[in-house]
Amino acid sequence: MLKTYYLPLCIAILLLVGLGGFLFRPVAPSSFSTPSLFKPFPLPAFTLPSLTEKNAYVTHTSILHPDRYSLINIFASWCAACRIEHPFLMELAKDKNIALYGINWKDTRANAENLLQTAGDPYKAVGWDYEGKTVIDLGITGAPETLLVSPEGFIIYRYPGPLTPDVFTTFFLPLMEPHNE
Amino acid sequence: MSKYFRTLLFVMGCLITLPLHALTVEQPLSQASQEEQAQHLFKDLRCMVCTGESIHDSDALLAQDMRRKVRDLIQEGKSSEEIRHYFVTRYGEQILMGPPFSLSTVWLWVSPLLFIFIGSIIFVRSMKRRV
(Lines give C-alpha, C1' and ligand atoms only; values in the text may rest on other atoms or scores of the structure.)
Protein backbone atom coordinates (compact mmCIF):
# COMPACT_ATOMS: atom_id res chain seq x y z
CA MET A 1 0.00 0.00 0.00
CA LEU A 2 2.83 2.32 0.83
CA LYS A 3 4.21 1.94 -2.70
CA THR A 4 1.51 4.10 -4.37
CA TYR A 5 2.18 6.93 -1.99
CA TYR A 6 5.91 6.60 -2.30
CA LEU A 7 6.73 8.89 -5.20
CA PRO A 8 4.39 11.83 -4.43
CA LEU A 9 5.32 11.55 -0.78
CA CYS A 10 9.01 11.75 -1.59
CA ILE A 11 8.46 14.74 -3.82
CA ALA A 12 6.40 16.44 -1.14
CA ILE A 13 9.04 15.79 1.50
CA LEU A 14 11.82 17.03 -0.76
CA LEU A 15 9.90 20.19 -1.50
CA LEU A 16 9.19 20.75 2.16
CA VAL A 17 12.84 20.25 3.05
CA GLY A 18 13.86 22.56 0.24
CA LEU A 19 11.40 25.23 1.31
CA GLY A 20 12.40 24.84 4.94
CA GLY A 21 16.06 25.09 4.07
CA PHE A 22 15.41 28.25 2.14
CA LEU A 23 13.27 29.88 4.80
CA PHE A 24 15.66 29.05 7.61
CA ARG A 25 18.82 29.80 5.67
CA PRO A 26 21.46 31.74 7.61
CA VAL A 27 20.98 35.47 7.17
CA ALA A 28 22.94 38.39 8.54
CA PRO A 29 21.33 39.39 11.87
CA SER A 30 20.07 42.73 10.76
CA SER A 31 20.40 42.63 7.01
CA PHE A 32 17.73 45.27 6.97
CA SER A 33 20.29 47.58 8.52
CA THR A 34 23.06 46.56 6.16
CA PRO A 35 24.76 49.72 4.99
CA SER A 36 25.44 48.37 1.50
CA LEU A 37 21.69 48.03 0.93
CA PHE A 38 21.05 51.66 1.72
CA LYS A 39 20.96 53.99 -1.27
CA PRO A 40 22.29 57.42 -0.30
CA PHE A 41 20.36 60.52 -1.27
CA PRO A 42 20.99 64.22 -0.71
CA LEU A 43 19.83 65.66 2.59
CA PRO A 44 16.51 67.31 1.69
CA ALA A 45 15.99 70.95 2.48
CA PHE A 46 13.88 71.42 5.60
CA THR A 47 13.03 73.99 8.24
CA LEU A 48 11.82 73.07 11.70
CA PRO A 49 11.14 75.25 14.70
CA SER A 50 13.78 74.78 17.36
CA LEU A 51 12.52 72.82 20.32
CA THR A 52 14.79 74.49 22.82
CA GLU A 53 15.19 78.05 21.56
CA LYS A 54 12.33 80.44 21.08
CA ASN A 55 11.97 81.93 17.61
CA ALA A 56 14.86 79.91 16.27
CA TYR A 57 14.87 77.33 13.50
CA VAL A 58 16.78 74.18 12.73
CA THR A 59 17.34 73.71 9.02
CA HIS A 60 19.30 71.48 6.69
CA THR A 61 22.00 74.13 6.60
CA SER A 62 22.41 73.90 10.38
CA ILE A 63 23.35 70.27 9.91
CA LEU A 64 25.45 70.31 6.76
CA HIS A 65 29.12 70.77 7.41
CA PRO A 66 31.90 70.17 4.88
CA ASP A 67 34.40 68.94 7.45
CA ARG A 68 32.50 66.39 9.44
CA TYR A 69 29.81 63.79 9.60
CA SER A 70 26.52 64.57 11.32
CA LEU A 71 24.04 62.36 13.05
CA ILE A 72 20.35 63.10 13.08
CA ASN A 73 18.56 61.29 15.85
CA ILE A 74 14.78 60.94 15.83
CA PHE A 75 13.28 60.71 19.29
CA ALA A 76 10.11 61.28 21.30
CA SER A 77 9.04 61.32 24.92
CA TRP A 78 6.53 58.52 24.27
CA CYS A 79 9.24 56.32 22.77
CA ALA A 80 10.39 53.80 25.38
CA ALA A 81 13.31 52.47 23.34
CA CYS A 82 14.68 56.02 23.04
CA ARG A 83 15.50 55.89 26.76
CA ILE A 84 17.80 52.95 26.06
CA GLU A 85 20.00 54.90 23.68
CA HIS A 86 19.96 58.13 25.64
CA PRO A 87 23.00 57.47 27.86
CA PHE A 88 25.08 56.61 24.80
CA LEU A 89 23.89 59.76 23.04
CA MET A 90 25.10 61.77 26.03
CA GLU A 91 28.50 60.12 25.54
CA LEU A 92 28.51 60.81 21.81
CA ALA A 93 27.79 64.45 22.50
CA LYS A 94 31.25 64.73 24.04
CA ASP A 95 32.97 63.61 20.83
CA LYS A 96 34.19 66.69 19.00
CA ASN A 97 34.40 64.88 15.68
CA ILE A 98 30.70 64.10 15.55
CA ALA A 99 27.83 66.54 15.44
CA LEU A 100 24.63 65.15 16.94
CA TYR A 101 21.32 66.73 16.06
CA GLY A 102 17.90 65.74 17.24
CA ILE A 103 14.47 65.78 15.70
CA ASN A 104 11.58 65.43 18.07
CA TRP A 105 8.75 63.55 16.37
CA LYS A 106 5.03 63.81 17.13
CA ASP A 107 5.48 65.15 20.63
CA THR A 108 4.11 68.13 22.46
CA ARG A 109 6.72 70.79 23.13
CA ALA A 110 6.12 70.42 26.85
CA ASN A 111 6.73 66.68 26.93
CA ALA A 112 9.82 66.92 24.76
CA GLU A 113 11.35 69.81 26.71
CA ASN A 114 10.60 67.96 29.91
CA LEU A 115 12.41 64.88 28.66
CA LEU A 116 15.52 66.83 27.73
CA GLN A 117 15.53 68.67 31.02
CA THR A 118 15.26 65.54 33.14
CA ALA A 119 17.40 63.12 31.11
CA GLY A 120 19.83 65.62 29.62
CA ASP A 121 20.19 67.23 26.19
CA PRO A 122 22.90 65.62 24.03
CA TYR A 123 21.99 67.54 20.87
CA LYS A 124 23.67 70.53 19.26
CA ALA A 125 20.21 71.56 18.14
CA VAL A 126 16.77 70.00 18.20
CA GLY A 127 14.06 70.48 15.63
CA TRP A 128 10.40 70.00 16.52
CA ASP A 129 8.46 67.99 13.94
CA TYR A 130 5.01 67.69 15.41
CA GLU A 131 3.24 66.81 12.18
CA GLY A 132 5.83 64.39 10.90
CA LYS A 133 6.22 66.04 7.50
CA THR A 134 9.97 66.49 7.75
CA VAL A 135 10.76 63.03 9.02
CA ILE A 136 9.01 61.51 6.00
CA ASP A 137 11.19 63.74 3.80
CA LEU A 138 14.19 62.22 5.55
CA GLY A 139 12.99 58.66 5.03
CA ILE A 140 12.32 57.88 8.68
CA THR A 141 10.22 54.91 9.74
CA GLY A 142 9.90 55.53 13.47
CA ALA A 143 11.66 56.35 16.69
CA PRO A 144 14.36 55.84 17.76
CA GLU A 145 16.14 56.12 14.45
CA THR A 146 19.45 57.71 13.48
CA LEU A 147 20.67 59.07 10.17
CA LEU A 148 24.30 59.54 9.15
CA VAL A 149 24.94 62.60 6.99
CA SER A 150 28.21 62.83 5.07
CA PRO A 151 30.30 66.01 4.69
CA GLU A 152 29.14 66.02 1.07
CA GLY A 153 25.58 66.48 2.28
CA PHE A 154 24.18 63.00 1.63
CA ILE A 155 22.21 60.80 3.95
CA ILE A 156 24.38 57.75 3.66
CA TYR A 157 22.86 55.52 6.29
CA ARG A 158 19.79 55.05 8.42
CA TYR A 159 19.60 52.83 11.48
CA PRO A 160 16.14 51.99 12.81
CA GLY A 161 16.35 51.22 16.50
CA PRO A 162 18.23 52.37 19.57
CA LEU A 163 21.77 53.58 18.92
CA THR A 164 23.99 51.47 21.13
CA PRO A 165 27.80 51.49 21.26
CA ASP A 166 27.74 48.16 19.41
CA VAL A 167 25.54 49.46 16.63
CA PHE A 168 27.60 52.60 16.34
CA THR A 169 30.87 50.70 16.05
CA THR A 170 29.50 48.09 13.67
CA PHE A 171 27.50 50.24 11.29
CA PHE A 172 28.39 53.89 11.65
CA LEU A 173 32.14 54.04 12.25
CA PRO A 174 33.11 52.10 9.09
CA LEU A 175 31.08 54.54 7.00
CA MET A 176 32.83 57.48 8.60
CA GLU A 177 36.29 56.12 7.87
CA PRO A 178 36.89 57.52 4.34
CA HIS A 179 36.78 61.02 5.70
CA ASN A 180 38.97 60.39 8.71
CA GLU A 181 42.00 59.62 6.58
CA MET B 1 -27.85 39.11 33.27
CA SER B 2 -28.32 41.14 36.42
CA LYS B 3 -29.03 44.84 36.09
CA TYR B 4 -25.79 45.65 37.83
CA PHE B 5 -23.79 43.56 35.39
CA ARG B 6 -25.45 45.12 32.38
CA THR B 7 -24.71 48.62 33.68
CA LEU B 8 -21.10 47.64 34.25
CA LEU B 9 -20.81 46.31 30.70
CA PHE B 10 -22.33 49.50 29.34
CA VAL B 11 -19.90 51.70 31.24
CA MET B 12 -16.96 49.57 30.13
CA GLY B 13 -18.20 49.77 26.58
CA CYS B 14 -18.20 53.53 26.79
CA LEU B 15 -14.76 53.71 28.38
CA ILE B 16 -13.27 51.52 25.71
CA THR B 17 -13.83 54.30 23.21
CA LEU B 18 -11.54 56.66 25.14
CA PRO B 19 -8.31 55.74 23.28
CA LEU B 20 -9.98 56.77 20.05
CA HIS B 21 -9.08 60.36 20.76
CA ALA B 22 -5.53 59.40 19.82
CA LEU B 23 -6.54 58.88 16.20
CA THR B 24 -5.94 62.03 14.25
CA VAL B 25 -8.91 62.78 12.08
CA GLU B 26 -7.68 62.72 8.52
CA GLN B 27 -8.79 65.33 6.08
CA PRO B 28 -9.44 63.94 2.63
CA LEU B 29 -8.55 66.23 -0.24
CA SER B 30 -11.34 68.55 -1.31
CA GLN B 31 -11.10 67.63 -4.97
CA ALA B 32 -12.61 64.21 -5.48
CA SER B 33 -10.23 63.32 -8.31
CA GLN B 34 -7.25 64.21 -6.13
CA GLU B 35 -8.54 62.17 -3.22
CA GLU B 36 -9.09 59.27 -5.59
CA GLN B 37 -5.50 59.54 -6.74
CA ALA B 38 -4.46 59.58 -3.10
CA GLN B 39 -6.45 56.46 -2.28
CA HIS B 40 -4.86 54.62 -5.20
CA LEU B 41 -1.39 55.60 -4.06
CA PHE B 42 -2.14 54.51 -0.50
CA LYS B 43 -2.67 51.00 -1.80
CA ASP B 44 0.67 51.12 -3.64
CA LEU B 45 2.77 52.13 -0.67
CA ARG B 46 3.89 49.78 2.06
CA CYS B 47 3.63 50.53 5.74
CA MET B 48 7.20 49.93 6.86
CA VAL B 49 6.31 49.19 10.45
CA CYS B 50 3.42 46.84 9.76
CA THR B 51 3.41 43.31 8.47
CA GLY B 52 2.41 43.33 4.84
CA GLU B 53 -0.05 46.20 5.08
CA SER B 54 -0.25 49.12 2.75
CA ILE B 55 -0.63 52.60 4.20
CA HIS B 56 -4.22 52.45 2.99
CA ASP B 57 -5.26 50.20 5.85
CA SER B 58 -2.79 50.91 8.60
CA ASP B 59 -3.30 53.12 11.63
CA ALA B 60 0.38 53.30 12.47
CA LEU B 61 1.87 56.75 13.08
CA LEU B 62 4.16 56.32 10.11
CA ALA B 63 1.25 55.40 7.84
CA GLN B 64 -0.67 58.51 8.94
CA ASP B 65 2.34 60.71 8.18
CA MET B 66 2.89 59.03 4.83
CA ARG B 67 -0.75 59.52 3.86
CA ARG B 68 -0.52 63.18 4.75
CA LYS B 69 2.66 63.48 2.69
CA VAL B 70 0.97 61.80 -0.30
CA ARG B 71 -1.92 64.27 -0.09
CA ASP B 72 0.51 67.20 0.20
CA LEU B 73 2.45 66.02 -2.85
CA ILE B 74 -0.75 65.64 -4.87
CA GLN B 75 -1.74 69.18 -3.98
CA GLU B 76 1.70 70.33 -5.11
CA GLY B 77 0.81 68.87 -8.48
CA LYS B 78 3.01 65.80 -8.41
CA SER B 79 2.03 62.83 -10.52
CA SER B 80 1.55 59.35 -9.08
CA GLU B 81 4.80 58.26 -10.68
CA GLU B 82 6.69 61.17 -9.13
CA ILE B 83 5.17 60.40 -5.73
CA ARG B 84 6.17 56.75 -5.94
CA HIS B 85 9.67 57.85 -6.93
CA TYR B 86 9.75 60.23 -3.96
CA PHE B 87 9.15 57.36 -1.54
CA VAL B 88 11.49 54.94 -3.29
CA THR B 89 14.32 57.49 -3.03
CA ARG B 90 13.85 57.70 0.69
CA TYR B 91 12.87 54.17 1.63
CA GLY B 92 14.12 51.95 -1.16
CA GLU B 93 12.21 49.71 -3.55
CA GLN B 94 10.67 47.86 -0.63
CA ILE B 95 8.30 50.78 -0.01
CA LEU B 96 6.26 49.74 -3.03
CA MET B 97 3.72 47.00 -2.54
CA GLY B 98 4.69 46.30 -6.13
CA PRO B 99 4.05 43.34 -8.38
CA PRO B 100 4.08 40.39 -6.01
CA PHE B 101 5.01 37.99 -8.75
CA SER B 102 8.67 38.12 -9.76
CA LEU B 103 11.63 35.81 -10.21
CA SER B 104 12.45 35.94 -6.53
CA THR B 105 8.91 35.30 -5.36
CA VAL B 106 7.89 32.66 -7.90
CA TRP B 107 8.38 29.79 -5.42
CA LEU B 108 6.20 31.60 -2.91
CA TRP B 109 3.36 31.39 -5.40
CA VAL B 110 4.09 28.01 -6.88
CA SER B 111 4.86 25.88 -3.84
CA PRO B 112 1.40 25.99 -2.19
CA LEU B 113 -0.17 25.08 -5.51
CA LEU B 114 2.34 22.28 -5.89
CA PHE B 115 1.54 20.90 -2.45
CA ILE B 116 -2.16 21.07 -3.13
CA PHE B 117 -1.61 19.25 -6.41
CA ILE B 118 0.47 16.52 -4.82
CA GLY B 119 -1.87 16.28 -1.88
CA SER B 120 -4.88 15.83 -4.08
CA ILE B 121 -3.19 13.05 -6.05
CA ILE B 122 -2.53 11.20 -2.82
CA PHE B 123 -6.09 11.85 -1.71
CA VAL B 124 -7.66 10.62 -4.94
CA ARG B 125 -5.48 7.54 -4.88
CA SER B 126 -6.46 6.70 -1.32
CA MET B 127 -10.12 7.13 -2.22
CA LYS B 128 -9.70 4.71 -5.09
CA ARG B 129 -8.20 2.17 -2.69
CA ARG B 130 -11.29 2.27 -0.51
CA VAL B 131 -13.70 1.38 -3.29
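Up top is the structure these notes are about.
Residues numbered from 1 in each chain as written. Chains lettered and ligands numbered in written order. Predicted model: local features only at pLDDT ≥ 70, side-chain atom pairs only at ≥ 80, totals over all residues. Heavy atoms only, no water.

Q: How do you make sense of the pairing of strand S7 (residues 145–149) of chain A when you look at a structure like this?
A: Moving residue by residue along a regular strand, the side chains alternate between the two faces of the sheet. Residue and element names in this part refer to chain A. Of all five residues making up S7, five are buried, and the element is well covered by its neighbours. Covered by surrounding structure in S7 are Glu145, Leu147 and Val149 together with Thr146 and Leu148, the residues of both alternating faces. Two strands pair when backbone bridges link them, and strand S4 (residues 69–75) and S7 are joined in this way by five bridges, in the antiparallel orientation. Note that in S7 the partner of asparagine 73 across the bridge is threonine 146. Pairing analysis gives five bridges linking S7 to strand S8 (residues 154–160), with the strands arranged antiparallel. For valine 149, the partnering residue across the bridge sits in S8 and is isoleucine 155. Between S7 and S8, which follow one another and run antiparallel, lie four residues, and glycine 153 among them has a positive phi close to 90°. (Buried < 20%, exposed > 50% of the residue type's maximum accessible area, 1.4 Å probe, protein only. Helix = DSSP H or I, 4+ residues; strand = E, 2+ residues; numbered from the N terminus. Pairing = 2+ DSSP bridges.)

Q: Would you mind going over the packing of aromatic side chains with me for this structure?
A: Given two aromatic rings, one states the distance between the centres and the angle between the planes to describe the pair. Residue and element names in this part refer to chain A. Enumeration according to the criterion identifies 12 aromatic pairs over all chains in this entry. Relative to tyrosine 157, the ring of phenylalanine 38 has its centre 6.4 Å away and its plane inclined at 75°; by these criteria the two rings are edge-to-face. Taken together, the residues phenylalanine 38 in the loop between helix H1 (2–23) and strand S1 (41–42) and tyrosine 157 in strand S8 connect sequence positions 119 residues apart. Taking the relative accessible area as the measure of exposure, phenylalanine 38 reaches 13% and is therefore buried. Under the relative-accessibility criterion, tyrosine 157 is labelled buried at 1%. A centroid spacing of 5.2 Å and a plane angle of 80° characterise the contact between tyrosine 157 and phenylalanine 172, whose relative ring orientation is edge-to-face. Here phenylalanine 172 lies in helix H6 (residues 165–180) and tyrosine 157 lies in strand S8, a separation of 15 residues in the sequence. Grouping aromatic residues by their ring pairs yields a cluster made of Phe38, Phe41, Phe88, Tyr157, Tyr159, Phe168, Phe171 and Phe172. (Phe/Tyr/Trp six-rings, centres within 6.5 Å; stacked < 30°, edge-to-face > 60°.)

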